[in-house]
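# Architecture at a glance
Take a look at the letters that make up each chain.
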Amino acid sequence: MGAPLRPCQLLLLLGLFLLLLFLSIRHLPKLSLAACARGGHRCPWPGKTLPKEEEPLLLFLQPPPASGPAGTPTPPVPLWREEEFDIRQLQRAFSASLSPRGEILLREYLQGWRQLLKFLEALGTAFGLISRETESKIGILQRHQEGPHGLHYRTVQSMVAFELASGLVGFQSLPAHQPPSGCRTLLRLHRALKWLELFLHKLGTSPKDGKPSRMCAEAYRVALAPYHSWWVQQAVALAFLAMPSRQELYHIIVRGEKPAAVLATVESLGRVYNATQEVYSAHGMLELP
């Protein structure tokens, strides 16, 4: 066994992780699309111009804007800072997102993802960029729901049908003048949902001496690693080293709830994931760029 990493070495490795992760997610989707969703602009439709793209690094690192003068709306607080993670709310949101007819309701689905943002925040500061990128994807889908075609973005099924009929999916590439694809945006959340589902299951069934870093890494290898380059996989592995212990993480996330609450949540996530997987598989959309 080699000598343990010194603090300065660990910081250097984490810095490498953040740099590589940033470079890897710049195009999934382009950050101009995130600016569209988070910058107070409506996402443009064909024939309209996208807002000017911000510098990617500044988009991630700039602090929340201060409140404006009297009469100017105060910018919203970032989603993951509003309140603590609540596993019961997570379970209820994803349970409500699947209708009796098998429709996946996007509004409830995104409510569940707001809770998952808080879960990501609890994993440690090394996951901050992932939280920001996830928030931008939630914002893109929200803008679609608020836009002129919002009725088509009520369910995953109606969104897929509308974007396929309108040529907005982009099976090979998406022209810059088109709005961000809801289908492609949701696919990223869909893949990440499997990762978090697997991790929560491992956490809920693990012994007291289980290591969250190992559980998270195993879930990542199954759900997300196949879509990342080798370099990104190595960089992501560094983030797991900074995760809290199982006892600390369990206290933050579960907060007195019994393990059954974790497993009930896992079942809800799994049902929604499987339903979404069927929709994307039926239309050959599981490998969208």
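Residues numbered from 1 in each chain as written. Predicted model: local features only at pLDDT ≥ 70, side-chain atom pairs only at ≥ 80, totals over all residues. Heavy atoms only, no water.

### A word on the overall build of the protein chain
Convention followed: Helix and strand assignments come from DSSP, with helices taken as H or I runs of at least 4 residues and strands as E runs of at least 2, each series counted from the N terminus. Working definition: with a 1.4 Å probe on protein chains only, accessible area under 20% of the residue-type maximum means buried, over 50% means exposed, and in between means partly exposed. Residue contacts are counted whenever heavy atoms from the two residues lie within 4.5 Å of one another. Areas reported here follow the Shrake-Rupley algorithm with a probe of radius 1.4 Å; residue values treat only the protein chains shown as occluding.
Broken down by element type, the protein chain carries twelve helices and zero strands. Tracing the protein chain from N to C terminus, the helices and strands come up as α-α-α-α-α-α-α-α-α-α-α-α. Expressed as a percentage of its 289 residues, the buried residues of the protein chain come to 49%. Contacts in the protein chain between residues far apart in sequence, at least 24 positions, make up 73% of those at least 6 positions apart. On the protein chain, roughly 14,900 Å² of surface is accessible, and the fraction owed to carbon and sulfur atoms is 58%.

### Some remarks on the pattern of salt bridges
For clarity, the threshold we go by: The term salt bridge refers to a side-chain nitrogen of Lys or Arg lying within 4 Å of a carboxyl oxygen of Asp or Glu.
Evaluation of the coordinates by the stated rule reveals seven salt bridges. Of the charged contacts, one joins R101 and E103 as a salt bridge, the two residues approaching to 3.2 Å between their closest N and O atoms. The exposed category is assigned to R101, whose relative accessible area is 70%. In this structure, the salt-bridge partner of R143 is E146, at a minimum N-O distance of 3.6 Å.

### Concerning the packing of helix α8 (residues 182–205) against helix α11 (residues 246–253)
Inclusion rule: For helices, the fitted axis covers only the stretch in contact; all axes are lines through C-alpha atoms, and the angles between them, taken along N-to-C directions, range from 0 to 180 degrees. Throughout, the term roughly parallel applies to angles under 35 degrees, roughly antiparallel to angles over 145, roughly perpendicular to angles from 65 to 115, and oblique to all others. Residue polarity follows a fixed list, in which Ala, Val, Leu, Ile, Met, Phe, Trp, Tyr, Cys and Pro are nonpolar, Asp, Glu, Lys and Arg are charged, and the others, Gly among them, are polar.
Contact geometry of α8 with α11 gives a least axis separation of 11 Å together with a crossing angle of 110°. One way to sum up the angle between α8 and α11 is to call them roughly perpendicular. Residues F199, L203 and G204 of α8 pack against R246, L249, Y250 and I253 of α11. Residue classes in the contact of α8 with α11 are distributed as five nonpolar, one polar and one charged.

### Overview of the confidence of the model for the protein chain
Caution applies to low-pLDDT parts of the model: their predicted coordinates are not meant to be read in detail. Let me state the cut-off plainly: Across the chain, each position has a pLDDT score giving the predictor's confidence in that residue, from 0 to 100.
This prediction gives the protein chain a mean pLDDT of 77; 71% of its residues lie at or above 70. No element of the protein chain has a lower mean pLDDT than helix α3 (residues 56–61), at 26, and none a higher one than helix α7 (residues 156–166), at 97.

### Here we look at the packing of aromatic side chains
Rules: Aromatic pairing here means that ring centres of Phe, Tyr or Trp (its six-membered ring) are within 6.5 Å. Orientation follows from the plane angle: under 30 degrees is stacked, over 60 is edge-to-face, and everything else is tilted. Only Lys NZ and Arg CZ are tested; either one counts as a charge over a ring when it is within 6 Å of the ring centre and within 35 degrees of the ring normal.
The final tally for this structure, using the stated rule, is eight aromatic pairs. Aromatic pair W230 and W231: ring centres 5.0 Å apart, planes at 85°, arrangement edge-to-face. For the pair formed by W230 and W231, the shared burial category is exposed. Taken together, the aromatic side chains of F127, W195, Y220 and F240 make up a single cluster linked through ring pairs. Here the basic side chain of R191 rests over the ring of Y227, its NZ or CZ set 3.9 Å away from the ring centre.

### Some thoughts on the side chain of Q115
Note on placement: Q115 falls in helix α5 (residues 106–122). Under the relative-accessibility criterion, Q115 is labelled buried at 4%. Once residues within four sequence positions are removed from consideration, Q115 is found in contact with E83, E84, F85, D86, Q89 and L90.

### Section: the environment of H190
Structurally, H190 is set in helix α8. Accessibility expressed as a relative area gives 1% for H190, which makes it buried. On a C-alpha basis, the gap between H190 and Q277 in space is 8.1 Å, while along the polypeptide they are 87 residues apart. When sequence neighbours within four positions are dropped, the list of residues in contact with H190 reads Y109, Y273, T276 and Q277.

### Re the nonpolar core
Under the convention used in this document: We define the nonpolar core as a collection of buried residues of types Ala, Val, Leu, Ile, Met, Phe, Trp, Tyr and Cys that are connected through side-chain atoms lying within 4.5 Å of one another.
Grouped together as the largest cluster of nonpolar side chains are 64 residues, with contacts concentrated most on Y109, W113 and W195. Top contributing element to this core by residue count: α8, with eleven residues. When neighbours within four sequence positions are excluded, W195 is seen to be in contact with L120, F127, C216, A219, Y220, A223, L224 and F240.

### Some thoughts on α11
Keep this limit in mind: The directions from the helix axis to the C-beta atoms form the arc being described.
The complete set of buried residues in α11 reads R246, L249, Y250 and I253. Along the axis of α11, the buried residues cluster in a sector spanning 100°; they form a single face. Turned more than 90 degrees away from the buried face of α11, the exposed residues are Q247 and H251. Its buried side turned inward, α11 meets α4 (87–96), α5, α8, α9 (212–223) and α12 (259–282). Remark: R255 follows α11 within two positions and exhibits a positive phi of approximately 50°.

### Quick notes on the environment of Q111
On the secondary structure map, Q111 appears in helix α5. Take Q111: its relative accessible area is 31%, and that puts it in the partly exposed class. In the structure, Q111 is positioned 17 residues away from F94 in sequence and 8.0 Å away in space, judged by C-alpha atoms.

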